[in-house]
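As a plain string of letters, each chain reads:
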Amino acid sequence: MLAIEYKTKIEEHAIAHCTERLIHQYAGRHDAATVRATVQRISMLYADADVQAFVPVLVERDARRLLDMPE
């Protein structure tokens, strides 16, 4: 396995873990599909980031901001 593929797997795992954490945290306010869509949409914004190591943290932060916004 190439190093970049390994790195991608770690980031994918981190984002999946973040998604599950957010689904549980926002269960009373948003359904799982909304949380998943929010995380996916934000992840796409960081797809071309130069430093991918921080992407899961940034995705979670941005998702929380969006999910915390009043509807």
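Everything quoted here is computed from the prediction, not taken from an experiment.

Trainee: Please explain the environment of Ala16 as it appears in this structure.
Mentor: The topology assignment puts Ala16 in helix 1 (residues 3–25). Along the backbone, Ala16 and Ala27 are 11 residues apart, and their C-alpha atoms lie at a distance of 16 Å.

Trainee: What's the story with the pattern of salt bridges in this structure? I'm lost.
Mentor: A side chain of one charge can pair with a side chain of the opposite charge if their charged atoms are brought near each other. For the coordinates displayed, the defined rule picks out 5 salt bridges. Put simply, Arg29 and Asp68 hold a salt bridge, and the shortest N to O gap is 3.5 Å. Of this pair, Arg29 sits in the loop between helix 1 and helix 2 (32–45) while Asp68 sits in helix 3 (residues 55–68), placing them 39 residues apart in sequence. The closest approach of N and O atoms between Glu60 and Arg64, which form a salt bridge, is 2.6 Å. Residue Glu60 and its partner Arg64 are located together in helix 3, separated by 4 residues, close to a single helical turn. Sharing partners across several salt bridges, the network here consists of Arg21, Glu60 and Arg64.

Trainee: Is there a simple way to think about the packing of helix 2 against helix 3 in this case?
Mentor: Pairs of packed helices are described in terms of their axes, by the angle between the two and the distance that separates them. The contact between helix 2 and helix 3 brings their axes to 9 Å, and the two run at 130°. Considering their axes alone, helix 2 and helix 3 lie oblique with respect to each other. Handedness of the helix 2/helix 3 crossing: right-handed. Taking contact as the criterion, the partners of Val35, Thr38, Val39, Arg41, Ile42 and Ser43 in helix 2 are, on helix 3, Val59, Asp62, Ala63, Leu66 and Leu67.

Trainee: How do you make sense of the nonpolar core when you look at a structure like this?
Mentor: Considering soluble globular proteins, one finds that nonpolar side chains tend to be buried as a cluster. Within the largest apolar cluster, 13 residues are counted, with the highest numbers of intra-cluster contacts made by Leu22, Val35, Val39 and Val59. Looking at this core, the elements with two or more residues in it are helix 1, helix 2 and helix 3. Excluding its chain neighbours within four sequence positions, the residues that come into contact with Leu22 are Val35, Val39, Glu60, Ala63 and Arg64.

Trainee: Help me out: how do you make sense of the side chain of Thr19 in this one?
Mentor: Looking at the secondary structure, you find Thr19 in helix 1. For Thr19, a relative accessible area of 9% corresponds to the buried category. Thr19 has contacts with Val35, Arg36 and Val39, leaving out every residue within four places of it along the chain.

Reading the values: rules and limits
Residues numbered from 1 in each chain as written. Predicted model: local features only at pLDDT ≥ 70, side-chain atom pairs only at ≥ 80, totals over all residues. Heavy atoms only, no water. Helix = DSSP H or I, 4+ residues; strand = E, 2+ residues; numbered from the N terminus. Salt bridge = Lys/Arg side-chain N within 4 Å of Asp/Glu carboxyl O. Axes fitted to C-alpha atoms, helices over the stretch in contact; angles between N-to-C directions. Parallel < 35°, antiparallel > 145°, perpendicular 65-115°, else oblique. Left-handed = near helix turned anticlockwise from the far one by under 90°. Contact = heavy atoms within 4.5 Å. Core = buried A, V, L, I, M, F, W, Y, C linked by side-chain atoms within 4.5 Å. Buried < 20%, exposed > 50% of the residue type's maximum accessible area, 1.4 Å probe, protein only.

These figures come from the coordinates and say nothing about function on their own.
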